[in-house]
Amino acid sequence: MARHSRHLELPFTGPATFFKAPHFSLWETWHADVAFLGIPYDFAVGFRPGARFGPNALREASSRYAPSPHGYFDIAAQRLRLAGVTIVDAGDVDPAQLEYQETFRRITEAARTLRAKARLPVFVGGDHSVTYPILKAYADLGELYVLQLDAHLDFSDSRHGTRYSNSSPFRRAIEDVPGLAHVTVVGLRGLRADPEAYRAARDRGHTLVLARDVHENLAAVLDILPRERQLYVSLDVDVFDPSIAPGTGSPEPDGLRYGEVAQVLEVSIRQNQLVGVDLVEVAPTLDPSGLTALTSARLLADVLCYWWG
């Protein structure tokens, strides 16, 4: 597949694709190092909607980070990063609106197809409920570890009468993905935690790291991250402090700084086999400045650099 050359365009020229990558239908024949799939679904939120607009907001914001064929020049490392990587925008999953079961079926089917076409599939939501059907597409992989960066546990058995909201994706996943061995959650905080969910996650042996722990001793947190595992990373943008990512449905004060999140990701990706990534809960209508989408786009660029080496 030919390397795209749209990096010479101004960021705001269209059509908007993830990192100005070429767009190919998920159902065409192609292969890439990295492929992005949008999942514009936010019917599972219990508070402020808007994450359905996240994929397109990330497309526009990531155009600022379109890599050249030589990659990015990292001023801190004094070297080029991401040289030669091939990236594809595979479009969006079309949600079935209020029919969540059909929507989830479509997401799982699309995620399986994307896995066959890309060394690293990247999924952009959408609310956090979409991680459950994505993880179902990894059921064939054997033992799987998840690193979840999030202000909230998202492990409730039920919330507001539904078992499939954005409060429950990992609870459903451990029920339906036999190989899902462990979940490490980094960034937890707030006053609305579900005590039953907290006890259930602890009883299953999940590693739960408070935002306070990261602030006070990041080195100790880095030491307890998974090692030498097949690792799926789920990034909820509300892990960040709202000062750098206000555009999300349920922000929480005293979140992680960008550098803290970046170090957790860099160490985790380098010491494991990264098999997939999602970034969820960007609600651009809640952030007229566009800062949340720009921060998220930069984070995805860093993730690709850590993975590509």
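Here the structure is shown first, and the text comes after it.
Once a new chain begins, its residue numbering starts again from 1 and follows that chain's sequence as written. Since the coordinates come from a predicted model, pLDDT governs what is reported: local features require at least 70, and pairs of side-chain atoms require 80 or more to be given and counted, while whole-chain, interface and lining totals use all residues. For side-chain calculations, the full set of non-hydrogen atoms in the structure is used, while hydrogens and water are omitted.

A. Expanded view of the sheet that holds strand E6 (residues 144-149). We treat two strands as partners when DSSP finds at least two bridges between them. Note on conventions: DSSP H or I runs of at least 4 residues are helices, E runs of at least 2 residues are strands, and numbering of each starts at the N terminus. Ordered by their spatial adjacency, 8 strands build an open sheet running E4-E1-E5-E10-E9-E6-E7-E8, and the pairing between neighbours is parallel. Here the strands that pair on one side only, and so sit at the sheet edges, are strand E4 (87-92) and strand E8 (207-210). Neighbour-to-neighbour, the strand axes of the sheet open up by a mean angle of 15 degrees, direction not taken into account. Both strand E9 (residues 230-236) and strand E10 (residues 273-280) contribute to a ladder of 7 bridges, which runs parallel. Bridging from a neighbouring strand, leucine 231 pairs with leucine 274 of E10. Here helix H2 (residues 100-117) sits on the sheet and contacts strand E1 (32-39), E4 and strand E5 (118-125); the angle it forms with E5, its principal contact strand, is near 150 degrees. Note on geometry: axes are lines fitted to C-alpha atoms, helical ones only across the stretch in contact, with angles between N-to-C directions running from 0 to 180 degrees. Note on definitions: a residue-residue contact is assigned when non-hydrogen atoms from the two residues lie within 4.5 Å.

B. Quick look at the pattern of salt bridges. Here, a salt bridge means any side-chain nitrogen of Lys or Arg that lies within 4 Å of a carboxyl oxygen of Asp or Glu. Evaluated as defined, the whole model comprises 20 salt bridges. As a salt-bridge pair, aspartate 42 and arginine 52 come within 2.7 Å of each other at their nearest N and O atoms. Placement of aspartate 42 in the loop between E1 and helix H1 (54-62) and of arginine 52 in the loop between E1 and H1 is noted, with a sequence separation of 10 residues between them. Connected through shared salt-bridge partners, Glu102, Arg105, Arg106 and Glu109 make up one network.

C. Just helix H9 (residues 291-308), in detail. What a helix should span is 1.5 Å times the count of its residues minus one. A rise of 1.5 Å per residue sets the reference length of H9, with its 18 residues, at 26 Å; its end C-alpha atoms lie 26 Å apart and thus fit the reference within 8%. Each residue's exposure class comes from its accessible area (1.4 Å probe, protein chains only) as a fraction of the maximum for that residue type: buried when under 20%, exposed when over 50%, partly exposed otherwise. Most of H9 sits out of view: 14 of its 18 residues are buried. Once H9 finishes, glycine 309 follows within two positions and takes phi at roughly 80 degrees, a positive value.

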